[in-house]
Amino acid sequence: RAALATGLVTGSEIEAILESAEIKADAPPAPQLFHLGYLGPFEEDVSLLGTTKGYRLKHALDGDEKPAFAPIFLVAPSLTPAPIPDLGLFAEKTFQGMDQLTDKIIERQDAVTVDGLNAYELTGAGTDHATGSPAFVYELMVKAQTGGFFRLLGLAPESERKRLGDEFIKIGRSFRAG
């Protein structure tokens, strides 16, 4: 109404806009930014919104004790195509910046190639902030072809390292951009 009252648009212009509008059955699907070729014991958790995807265990872990917290795997594309000059240093800083853990230590780190893209993989440990339980972390930072990055992160209780450590690596290495 304000646009009409101020003369910004006329009634006939609004009619022309409405007459040219099309209603389609479905919006076209958004382009897929990435996919994982292997999920192992994990499945997508569709409760997350946005470009980050989360994966949770399909079934509860076998064993006498319930883990202190639920293992999770995340894939988060960067929000901007900003260049990352030193992928290793960037991966270390994101690991050290994780709010979920205290007393963080990096145990292993390597430059790797995933889907033909430069990547940096590290494993580490820390203490889960919420539960006080020991935790282990898998992080894979993949440099995107058009700038920016993809951050893949596996987080689980230390007691599940034997069961899930190799699974996190397999999931990370199955990453495909686009």
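This text goes with the structure placed above it.
Residues numbered from 1 in each chain as written. Predicted model: local features only at pLDDT ≥ 70, side-chain atom pairs only at ≥ 80, totals over all residues. Heavy atoms only, no water.

### Examining the environment of K58
1) Next: Along the chain, K58 turns up in the loop between strand 3 (53-57) and strand 4 (72-77).
2) Next: Residue K58 is classed as partly exposed on the basis of its relative accessible area, which comes to 42%.
3) Next: Taking the C-alpha atoms as reference points, K58 and F42, 16 residues apart in sequence, are found 5.3 Å from one another.
4) Next: Excluding its chain neighbours within four sequence positions, the residues that come into contact with K58 are G40, P41, F42 and E43.
5) Next: Within polar-contact distance, the side chain of K58 engages the backbone oxygen of G40 at 3.2 Å. (Helix = DSSP H or I, 4+ residues; strand = E, 2+ residues; numbered from the N terminus. Buried < 20%, exposed > 50% of the residue type's maximum accessible area, 1.4 Å probe, protein only. Contact = heavy atoms within 4.5 Å. Polar contact = N/O pair within 3.5 Å; in protein donor to acceptor, adjacent residues only side chain to side chain.)

### Some details on the pattern of salt bridges
1) Next: Counting across every chain of the model gives eleven salt bridges.
2) Next: Across the pair E160 and R163 runs a salt bridge, and its minimum N-O distance is 3.2 Å.
3) Next: Assessed through its relative accessible area of 4%, E160 is described here as buried.
4) Next: Residues K170 and E167 are paired through a salt bridge, measuring 4.0 Å at the closest nitrogen-oxygen approach. One end of the pair, K170, and the other, E167, are both in helix 4 (residues 161-173), three residues apart, so they sit about a helical turn from each other.
5) Next: Given a relative accessible area of 44%, K170 falls into the partly exposed group.
6) Next: Salt bridges sharing common partners tie together R108, D110, E121 and R173. (Salt bridge = Lys/Arg side-chain N within 4 Å of Asp/Glu carboxyl O.)

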